[in-house]
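# A closer look at the structure
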Amino acid sequence: MQYASSRLRSNPRLGFAAAVAIIGGYFFIRGWALGLWPFSGHKKLSVDVCPGPDFLDMATPRRRWITGKDFMAYTKPIPVLPNGVPKIVHQTWMTHTVTAQHARPFESWEQCLPDDWLHVLWADAEADQFVLSQGPSAFVPTYQAYAHPIQKVDSFRYVLLDVYGGVYSDLDNECMGPPEFPETGCDVFLAEQYCEGKGCREDQVTRYRQAVMKYAAEGRGPGLDAAIPNPVQNSLMASSPNNKFWNVTLDLAVERGPATHPMQRMTGVQAIQSTTGVDMLSMACYLGTGRPDIKICELPWTEWHGHYGEACLTNSAPKFVRHHGSHIWKSASGVGCMLIKYLTFNVYTHTFCG
């Protein structure tokens, strides 16, 4: 190591070439992680093949959305649906400039929401400040310790709905019609996972069922005599504010949060799904089911997700939301980032794949 360092100091050209290689490598792998290169391995979005909703006019986009900072300073009363869900759609991205592949889904919310709804786009910096200032004190240390940025983004959603309520939607969800939730006494709505075709994998469903069996054996949750809820997704959720379901969710996140927890030592994608993502939320749904102070309704994927890719052309369109499945978050645990993890002894994984 000392020999290499002395050579770089004694040979400016070699040092310059090394600096260029490091910087170029950074942007190459960063582009890989974001799916910017043709060989990145990201599948083609269904937005490329599926027709948009009839009302959508991309030629005359609206500009009604507000930033997270503006929302936190918002003082006007926010209308509330009969089930207690405020008329807000929250979305999040790295900045306030969405990518080209998300432009149509994002604009669909601008045009489909009635005028009495708010549409909020939270940048990562706003989300981070929000959790640190308004997140539960018992959860904040767990949040700060997360190794993957997507773990922070995931858990921000839960804190956000706990504090403000409303609807959370991923950027690759396209609004097909104004949100309407069943008036059945529920005040938490979680979209059912799409587990057909290229949806959730068999091993993911198996992990969920095994976890339910384990928790039931420990006396946690409603037990096996009750109907076990289907796996849910965290890309489309809604609730009233200050809902106890989010206490259950964030308590489970804290339980699975320490770096020594077995789920943190899983392969990248599984670790994320099990500690803050869909697997963890599905288990929170199981734990909350049957509690008298929590009323959960699952939203059917046929109306709140739809089919991926070209399958949309041979199946009827979902009534409310079409999920296009960009899965950009998975790239942070992809092949390029796994190489960085092992080649740098995990020192620069966050830097390159953040």
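See the structure shown above.
Everything quoted here is computed from the prediction, not taken from an experiment.

### What to know about the packing of helix α9 (residues 244-255) against helix α11 (residues 278-288)
Running from amino to carboxyl end, α9 crosses α11 at an angle of 130°, the nearest separation of the two axes being 9 Å. Of the possible angle classes, the one that applies to α9 and α11 is oblique. Handedness of the crossing formed by α9 with α11: right-handed. Only M280, L281, M283, A284, C285, L287 and G288 of α11 make contact with α9, whose side of the interface consists of F245, W246, V248, T249, L252 and A253. For the contact of α9 with α11, a count of residues per class yields 11 nonpolar, 2 polar and no charged.

### Examining the pattern of salt bridges
Counted according to the given criterion, the structure contains 10 salt bridges. Of the charged contacts, one joins D115 and R62 as a salt bridge, the two residues approaching to 3.6 Å between their closest N and O atoms. Here D115 is found in the loop between α4 (100-112) and β3 (118-123), whereas its partner R62 is found in the loop between α2 (12-34) and β1 (66-67), with 53 residues between them in sequence. Judged by its relative accessible area of 67%, D115 falls in the exposed class.

### Observations concerning the side chain of N173
Turning to its location among the elements, N173 is positioned in strand β5 (residues 173-175). Among the polar contacts made by the side chain of N173, one reaches the side chain of S169 at a distance of 3.3 Å. Those residues in contact with N173 that lie beyond four places of it in its chain are P105, S108, W109, S235, L236, V321, R322 and H323.

Reading the values: rules and limits
Residues numbered from 1 in each chain as written. Predicted model: local features only at pLDDT ≥ 70, side-chain atom pairs only at ≥ 80, totals over all residues. Heavy atoms only, no water. Axes fitted to C-alpha atoms, helices over the stretch in contact; angles between N-to-C directions. Helix = DSSP H or I, 4+ residues; strand = E, 2+ residues; numbered from the N terminus. Parallel < 35°, antiparallel > 145°, perpendicular 65-115°, else oblique. Left-handed = near helix turned anticlockwise from the far one by under 90°. Contact = heavy atoms within 4.5 Å. Nonpolar A, V, L, I, M, F, W, Y, C, P; charged D, E, K, R; others polar. Salt bridge = Lys/Arg side-chain N within 4 Å of Asp/Glu carboxyl O. Buried < 20%, exposed > 50% of the residue type's maximum accessible area, 1.4 Å probe, protein only. Polar contact = N/O pair within 3.5 Å; in protein donor to acceptor, adjacent residues only side chain to side chain.

Worth remembering: the numbers are spatial, not functional.
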